[in-house]
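One letter stands for each residue in the lines below.
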Amino acid sequence: MKLVFSKEENEIKVKLLHNGTEEDFNYIKLIKFIHEDNELEETSYSEEITPEEREKVNVMISKINEVIIRQSEASVE
């Protein structure tokens, strides 16, 4: 699953891209995907998203993926 960020009228919008289908952001689908030990793919950004905003999102995604990896490794042990 990939998060797709865009900005319209100074408001950041997020979509989910999963198996080639883009849909409105849905916390439940995101949490279920993560709960199943799936890592998030590299995030996509529109040109309107600033480098600072991108960095903040990238840090968040990295932290989420780190937890997923640790949980997966712990369940294997």
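Here, the structure is the one placed above.
Attention here is on the structure that accompanies the text.

How each quantity is defined
One numbering rule holds for all chains: residues counted from 1, following each sequence as written. In keeping with the model being predicted, local features are shown solely for residues with a pLDDT of at least 70 and side-chain atom pairs are shown and tallied solely at 80 or more, while totals for entire chains, interfaces and linings include all residues. Only hydrogens and water are set aside; all other atoms, that is, all heavy atoms of the structure, feed into the side-chain values. Joining through side-chain atoms within 4.5 Å is the link that ties buried Ala, Val, Leu, Ile, Met, Phe, Trp, Tyr and Cys residues into a set, and such a set is a nonpolar core. Partly exposed describes any residue whose relative accessible area lies between the buried limit of under 20% and the exposed limit of over 50%, with all areas from a 1.4 Å probe on protein chains only and scaled to the type maximum. Think of it this way: any DSSP run of H or I at least four residues long counts as a helix, any run of E at least two long counts as a strand, and we number them from the N terminus. In this analysis, two residues are considered to be in contact whenever any of their non-hydrogen atoms come within 4.5 Å of each other. If DSSP finds at least two bridges between two strands, the strands pair. Note on ring pairs: Phe, Tyr and Trp rings are taken, using the six-membered ring of Trp, and paired if centres are within 6.5 Å. Classes follow the plane angle, with under 30 degrees stacked, over 60 edge-to-face and the rest tilted. Excluding any residue in a salt bridge, patches collect residues exceeding 30% relative accessible area, merging like charges within 9 Å and nonpolar Val, Leu, Ile, Met, Phe, Trp and Tyr side chains within 5 Å. The accessible surface values rely on the Shrake-Rupley method and a 1.4 Å probe; as for residues, cover is taken only from the protein chains in view. Should a side-chain nitrogen of Lys or Arg be within 4 Å of a carboxyl oxygen of Asp or Glu, the pair is scored as a salt bridge. The charge count treats Lys and Arg as positive and Asp and Glu as negative. His and the chain ends do not count. A charged residue contributes its charge at one atom only: NZ of Lys, CZ of Arg, CG of Asp or CD of Glu. As used in this structure description, the phrase polar contact means that two N or O atoms lie within 3.5 Å; if the pair is within protein, one of them must be able to donate a hydrogen and the other to accept it, and residues adjacent in sequence are counted only when both atoms belong to side chains.

### Re the nonpolar core
Argument step 1. One finds Met1, Leu3, Phe5, Leu16, Leu30, Phe33, Ile34, Leu40, Ile49, Val57, Ile61 and Ile68 forming the largest nonpolar core, which totals twelve residues.
Argument step 2. Those elements giving two or more residues to this core turn out to be β1 (2-8), α1 (27-35) and α2 (51-76).
Argument step 3. Not counting the four nearest positions on each side in its chain, Leu30 is found in contact with Met1, Leu3, Phe25 and Leu40.

### Focus: the sheet that holds strand β3 (residues 21-24)
Argument step 1. The strand order across the open sheet built from four strands is β3-β2-β1-β4, with neighbouring strands paired in mixed fashion. Lying at the two open borders of the sheet, with one neighbouring strand each, are β3 and β4 (44-45).
Argument step 2. As paired elements, β1 and strand β2 (residues 11-18) share seven bridges and run antiparallel to each other. Considered in β2, the bridge of Lys2 is made with Leu17.

### A word on the packing of aromatic side chains
Pairs of aromatic rings are described using the distance from one ring centre to the other and the angle between the two planes.
Argument step 1. Under the counting rule described, the total for this entry stands at two aromatic pairs.
Argument step 2. Ring geometry for Phe5 against Tyr45: centres 5.8 Å apart, planes inclined by 25°, an arrangement best described as stacked. Here Phe5, found in strand β1, pairs with Tyr45, found in strand β4; they are 40 residues apart in sequence, far enough to count as distant.
Argument step 3. Between the aromatic rings of Phe25 and Tyr27, the centroid separation amounts to 4.7 Å while the plane-to-plane angle is 85°, which identifies the pairing as edge-to-face.

### Observations regarding a negative patch on the surface
Argument step 1. Negative charge collects at one region of the surface, where Glu8, Glu9, Glu47 and Glu48 lie side by side.
Argument step 2. What makes Glu48 partly exposed here is its relative accessible area of 45%.

### Brief notes about the environment of Asn26
Argument step 1. Looking at the element boundaries, Asn26 is found in the loop between β3 and α1.
Argument step 2. The class of Asn26 is partly exposed, set by a relative accessible area of 28%.
Argument step 3. A sequence separation of twelve residues divides Asn26 from Val14, and the C-alpha atoms of the two residues are 9.2 Å apart.
Argument step 4. Here Lys29 takes part through its backbone nitrogen, which lies 3.0 Å from a polar atom of the side chain of Asn26.

### Things to note about unusual backbone geometry
Argument step 1. For Glu9, which is not a glycine, the phi torsion comes out positive at approximately 50°.
Argument step 2. In this fold, Glu9 is placed in the loop between β1 and β2.
Argument step 3. Phi angles above zero are rare outside glycine, and Asn10 is one such case at about 65°.
Argument step 4. With respect to the helices and strands, Asn10 occurs in the loop between β1 and β2.
Argument step 5. For Asn10, a relative accessible area of 71% translates into the label exposed.

All we've got here are geometric facts, nothing functional implied.
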